[in-house]
Amino acid sequence: MPKARLIDTSKCTACRGCQVACKQWNELPAEETKQLGTYENPPHLSGNTWIKVEFRERPGEWLFRAHTCMHCVDASCEKVCPTGAISHQGEVVLIDQKQCIGCGYCVLACPYNVPHRDEITGTARKCTFCIDRIGNGLEPACAKTCPPGAIKFGERADLIAMAEQRVQTLISDYGYPNANVYGADELGGLHTIYVLTERPSALGLPETPEVATSTVLAQWLSGVVTAGVLAALPFWLLFKRKKQIEAEQKSKVEGGVR
Amino acid sequence: MTNHWNDIANSDCMLAIGSNPAENHPAAFGHITEAKERGAKLISVDPRFTRTSAKADIYCPLRSGTDVAFIGGVIKYVLDDMEANPTNYNMTYVTEYTNAPYLVDPDFRGPADLDGLFSGYDADNRSYDKSSWSYQLDEQGIPKRDMSLQDPNCVFQHLKKQYARYTPEVASSITGAPVATFLEVCQTFAATGKAGKSGTIMYAMGATQHTNGTQMIRSYAILQLLLANIGVAGGGINAMRGESNVQGSTDHCLLFHILPGYLKTPINKDETLAQYLERVTPKSNDPKSANWWQNTPKYMVSLLKAWYGDSATASNEFGYGYLPKNSGNYSWISLFEAMYDGVIKGLMCWGQNPAVCGPNVNKERKALENLDWLVAVDLWETETAAFWKRPGANPADINTEVFLLPAVASFEKEGSVTNSGRWSQWRYKCADPPGEAMPDLDIINQLMVKIRELYDGDATAPHRDAILNLTWDYGSHVDPHQVAKEINGYDLTTGKLMASFGKLKDDGTTSSGNWLYCASYTEDGNMAARRDLTPGPFNIGLYPKWAWCWPVNRRIIYNRASVDLNGNPWDSEHPVIAWDGGGWIGDVPDGGWPPMAVDPENTKYPFIMKAEGHAHVFGPGLVDGPFPEHYEPWESPVENMLSGTQNDPAFKIWAGPMDYKGTPDKYPIVCTTYRVVEHWQAGQMTRNMPWNVELMPEMFVELSEELAAEKGIVNGGRLVVETARGQVEAVAMVTGRFKPFQINGRKIHQVGMPWHWGYTGLSTGDSANLLTPHVGDANTMIPEFKAFLCDVKKA
């Protein structure tokens, strides 16, 4: 049964323990930041920041949402990756740092703006779902540390049931008429599920995310056409290579994370 | 805390006032979330909309320093509602368990009669003659009571008179809380007054750090007693301590006015042990009052035996003569005033950083220059250790000799910490410390060994016996278990560890380094190291075998007030204790006496730490009044709307150099200081940690959109905040979470800022305490960090 992570925005207090725990477990360096007039920092996800809490102020409200990889079933990043560096390991979407050439397709393709290119490694990097932890029976670092229990890890089906129940309570008892579960069906099903107190767009999430393969490819191809056929040739070769790698991996990986 | 962290989950309503748990107690917020999931309401009362407010069911703003006006208004609401809807309240609790029915001296007068003062005020000495703040006694010397609560001299009627002036409109005018929101808070919290319902008040430094901070806490106590919320699960008044071991440090006498276990310090006139004990041991003529502090002589003599061992004998008053006596004020501000004046010549700074955390820190940094020597014991070179090379100072002009001793972090040593809920929890060492870093126990041991050598070699050294007769047998490396056992205490006739403080004696045959901790380390082992996760009786999360809790592992204190006169719990869903006919079941009861109606001959009243056995609605023990009265902070933009008494009449005012006071014509804006979750206290532990610095990289000041527009300040731009004492330059955070207050029809702005920054470490910035004043609370002398006057301008 696939695992998933549930992020309940109604319980998040924005302590950002998840940000630090992620950096600590994954040995990611701190970024040099500036105080820009907000509690939020760093300004966006990056090659060295794989989860961050977004703060949104509205009259009488302060909305918090931890932003990180959704580990989509229909993962745009995987679909556009020309080298096959991005693949599913069970429910986890991983970027193989050895195969990544840093082309940035996934950076553009992700409907959630999750992968980012790291200047030093020259590769795209993002949340690994702490695959080294969950593969050993532990929960991801973000879920482990979360003091108010806003981030939970478990069986995806259980978490969705829990989320749906929580949303009903938020609507009926807590005055959140727009509360909703996000991620149960989006993009073939996400492995980061949200309980949102507001519509997704109010919390920086696309209401109807689309798999980016076709649009991104079209964008790139139109650019490629402008640039000339010669320039397109290497990309075609790369895509060809990607298909080969996919075929190889399918035979190697079975079941994924248990 | 009267209760403990886990118990918050049992609450029906949580009032966070003067605290911001989401920010400062993030782990505790899990318990708050649990209570909310059960349907409990969270109320956040704060000058600014905080991370806690973001999770609250009700957010109510209030101007810093006006908590007594706010809670006074809630008390008035409750008193009025009690009359209109008595069945919504637990009147048995109020009449039987509190001093509400007590008759007060007919000469007693309060602020309603005396323009903000209580009877007995001496303006010249800024103090009260408290003789009229006393009870009328019957022929046995027992306070008289009117159980109908109707006598005009009874506490309840005085209380009504005191708060009759605190109408919702007046409370709103003073605090700036909108009337409708204020009333919503009143209704929601007052609903916990019904028998079987519980409400908790969670407070922290936002309440205590005022010139009348103690009275703010008293106002919470009165409200909670009227609502029958003390002693019950999910109730209480709960001090959310700011560090993992603040509770432990006060238990073990960090503060100057107490000895371990809250025994009072001897003062100059206590020349003999007998005189001391006579002064500090309370008496009661009421056979139904347990008057627990009557045991003071047993605890004091056992403490002296722990300290002086065989040198403590009946013939030398158990070494009482060795103890220093004081009649002075040795609180923070007075110590730094004395350093500034050149009276104090040396300072040991142990795990604290006054050059960041002290009030009016320009003056306190200057005071350090007048020291001959300074020892800083810390993990980093703090601002205090580096004060001589701070920006603007010329090291050549400073003669203070500074020693920096490397300490070890909590993970690098073994020992106990006591959390806010009074749980003493044993911790283990998990890594070796780097370099020459040493545990505090070893540092103080080596220091003391050396001092004793010096005293031993000098027959004329002052107080030589007090030093040489101390029990000091720790060898070269202190075993924390030895210390923990010493704190618990021994039966000196058998050499066995004491099982509990009930057996301590005043004849020198027992020892205990802290009577409150007697039972923490017994012949059965180290109780603080227990890790049994069984939830315990009634499944209310007492976890009686997890660690150990003072006193005698009682998890909720005053729990005999959680039951009716027959011993049946008010709250059958969350009972704390219950009388089963032959004895108590549940938590460790506050004394094993039978319930009041079951055995009137042998019962005792439930508030056993009070001499009379009843909780204090009327609290004559404080220096500035038996009821809380609203006074403005030392620096305030407005005049007191309730009386002609502008400030608390009894706090000490220093008038030395650099003790400047700002006036509203020049500094019209209210300012407050606070912490953020990303940084820790004076900052060294987090401003040296790149991950934390990434999250909160720079000093900032939060201000409203309205004030920013008036001053031409933009979000993310720089601004200067100025008070009579100093200036801070920082990044402006312009936010809708701060709103101007409507105070008595006037618009009053407030700004706020974290106080974590200083001039050493990875992230540096101006310290908020450059701005704060050198005045403190009338009772505790804690500085008024939370409300003062400033002006702001674009940098």
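All values reported here derive from a predicted model rather than from experimental measurement. (Residues numbered from 1 in each chain as written. Chains lettered and ligands numbered in written order. Predicted model: local features only at pLDDT ≥ 70, side-chain atom pairs only at ≥ 80, totals over all residues.)

Quick look at the overall build of chain A now. Secondary structure assignment for chain A yields eight helices and ten strands. Look at the contacts in chain A between residues 6 or more apart in sequence, and 62% of them connect residues 24 or more apart. (Helix = DSSP H or I, 4+ residues; strand = E, 2+ residues; numbered from the N terminus. Contact = placed C-beta atoms within 7 Å.)

This part covers the overall build of chain B. Scanning chain B from terminus to terminus reveals 22 helices and 29 strands. Relative to the 2.2 N^0.38 estimate, which gives 28 Å for 795 residues, the radius of gyration of chain B is 26 Å and therefore close to what a compact globule would have. Each of the 795 residues in chain B was classed as buried or not, and the buried ones make up 53%. The contacts in chain B between residues at least 6 apart in sequence include a share of 71% that link residues at least 24 apart. (Rg over C-alpha atoms; globule rule 2.2 N^0.38 Å. Buried ≥ 20, exposed ≤ 12 C-beta atoms within 10 Å, placed from the backbone.)

Attention shifts here to the sheet that holds strand S10 (residues 346-350) of chain B. Residues and elements named next belong to chain B. Strand order in the open sheet made by the three strands is S10-S11-S12, with parallel pairing throughout. A strand with exactly one partner marks an edge of an open sheet, and here the two such strands are S10 and strand S12 (401-406). Direction aside, the axes of adjacent strands within the sheet are offset by 10° on average. (Pairing = 2+ DSSP bridges. Axes fitted to C-alpha atoms, helices over the stretch in contact; angles between N-to-C directions.)

Right, let's get into the domain arrangement of chain B. Residues and elements named next belong to chain B. In terms of domains, chain B is made up of domain 1 (5-94 + 174-242) and domain 2 (669-794). Facing 21 residues of domain 1, the contacting portion of domain 2 comprises 28 residues. Among the secondary structure elements, those contributing two or more residues to the side of domain 1 that touches domain 2 are helix H1 (21-24), helix H9 (205-208) and helix H10 (213-226). Per-element accounting of the side of domain 1 that touches domain 2 gives the leading share, three residues, to H9. Considered class by class, the residues forming the side of domain 1 that touches domain 2 number five nonpolar, 13 polar and three charged. (Domains from an automatic or database assignment. Nonpolar A, V, L, I, M, F, W, Y, C, P; charged D, E, K, R; others polar.)

On to the packing of helix H14 (residues 332-340) of chain B against helix H16 (residues 361-368) of chain B, then. Residues and elements named next belong to chain B. Contact geometry of H14 with H16 gives a least axis separation of 8 Å together with a crossing angle of 50°. Of the possible angle classes, the one that applies to H14 and H16 is oblique. Note that H14 runs across H16; the crossing there is left-handed. Residues Phe336, Met339 and Tyr340 of H14 form the contact with H16, whose own contacting residues are Lys363, Glu364, Lys366, Ala367 and Leu368. The residue makeup of the contact of H14 with H16, split by class, is five nonpolar, no polar and three charged. (Parallel < 35°, antiparallel > 145°, perpendicular 65-115°, else oblique. Left-handed = near helix turned anticlockwise from the far one by under 90°.)

Turning to the pairing of strand S13 (residues 415-418) of chain B, a few remarks are in order. Bridge analysis of S13 of chain B against strand S14 (residues 423-427) of chain B gives four bridges, and the strand direction is antiparallel. Considered in S14 of chain B, the bridge of Thr418 of chain B is made with Ser424 of chain B.

It is worth spelling out unusual backbone geometry at this point. Trans is the prevailing form of peptide bonds, just as negative phi is the prevailing case for residues other than glycine. Each neighbour pair has its own omega, and for Asn41 of chain A with Pro42 of chain A the value is -10°, a cis peptide bond. Along the chain, the position of Pro42 of chain A falls in the loop between helix H1 (17-26) and strand S2 (51-58). Note that the residue after Trp550 of chain B, namely Pro551 of chain B, is joined by a cis bond; omega there is -10°. Here Pro551 of chain B is to be found in the loop between strand S19 (548-549) and strand S20 (577-579). Of note, Arg16 of chain A is a non-glycine position whose phi angle comes to about 70°, a positive value. Positionally, Arg16 of chain A belongs in the loop between strand S1 (3-8) and H1. A residue is classified by how many C-beta atoms lie within 10 Å of it, and Arg16 of chain A, with 28 of them, is buried.

Next up on the list: helix H6 (residues 155-163) of chain B. All names here are of chain B. Along H6, the residues classified as buried are Val155, Phe156, His158, Leu159, Gln162 and Tyr163. Buried positions in H6, seen along its axis, are confined to an arc of 160° and lie on one side of it. Residues of H6 that are buried make contact with helix H4 (67-84). (Arc of directions from axis to C-beta.)

Time to look at the sheet that holds strand S9 (residues 180-182) of chain A. Residue and element names in this part refer to chain A. Strand order in the open sheet made by the four strands is S8-S1-S10-S9, with mixed pairing throughout. The open sheet is flanked by strand S8 (151-155) and S9, the only strands paired with a single partner. Adjacent strand axes in the sheet meet at a mean angle of 25° when their direction is disregarded.

Across the boundary between the two partners, chain B contributes 30 residues, which contact 27 residues of chain A. Elements with a minimum of two residues in the side of chain B that touches chain A: helix H2 (29-37), helix H3 (51-55), helix H21 (690-695) and strand S25 (727-735) of chain B. Taken together, the residues that form the side of chain B that touches chain A break down as 17 nonpolar, seven polar and six charged.

As a further point, take the confidence of the model for chain A. When pLDDT is averaged along chain A, the result is 88; 82% of the residues meet or exceed 70. Per-residue pLDDT stays below 50 along residues 248-258 of chain A; that stretch engages in 16 contacts with residues further than four places along the chain or on separate chains. (pLDDT = per-residue confidence, 0-100.)

Residues and elements named next belong to chain A. When cut into domains, chain A gives domain 1 (3-71 + 131-201) and domain 2 (76-130 + 210-252). Across the contact, 21 residues belong to domain 1 and 18 residues belong to domain 2. Only S1 and helix H4 (131-134) provide two or more residues apiece to the side of domain 1 that touches domain 2. Looking at which element gives the most residues to the side of domain 1 that touches domain 2, the answer is H4, with four residues. Looking at the side of domain 1 that touches domain 2 residue by residue, the classes come out as twelve nonpolar, six polar and three charged.

Residue and element names in this part refer to chain B. In terms of nonpolar packing, the biggest core is built from 176 residues, with Met14, Leu15, Ile43, Val74 and Tyr203 touching the most fellow members. A per-element tally of this core places H4 first, with nine residues. With residues near it in sequence (within four places) discarded, Leu15 still touches Ile43, Val45, Phe189, Gly199, Ile201 and Met202. Core analysis: the second largest hydrophobic core is formed by 56 residues, Phe336, Leu374, Val728 and Ala732 among them. (Core = buried A, V, L, I, M, F, W, Y, C linked by C-beta atoms within 7 Å.)

Our focus in this paragraph is helix H19 (residues 480-488) of chain B. Within the span of H19 of chain B, buried status applies to Ala484, Glu486, Ile487 and Asn488 of chain B. Of the residues flanking the end of H19 of chain B, it is Gly489 of chain B, one or two places downstream, whose phi is positive at about 105°.

This part covers the environment of Asp46 of chain B. Residue and element names in this part refer to chain B. Note that Asp46 resides in the loop between strand S2 (41-45) and H3. Once the C-alpha coordinates of Asp46 and Ala177 are considered, the two residues, 131 residues apart in sequence, prove to be 9.7 Å apart. Among residues more than four places away in sequence, those in contact with Asp46 are Asn20, Ser53 and Pro61.

Once that is clear, we can look at the environment of Asn3 of chain B. Residue and element names in this part refer to chain B. If you trace the backbone, Asn3 turns up in the segment before strand S1 (13-17). Since 30 C-beta atoms lie within 10 Å of it, Asn3 is described here as buried. The sequence separation of Asn3 and Ser420 amounts to 417 residues, and the corresponding C-alpha distance is 8.9 Å. The contacts of Asn3, once residues within four sequence positions are left out, are Thr200, Gly235, Gly236, Asn238, Gly421 and Ile556.

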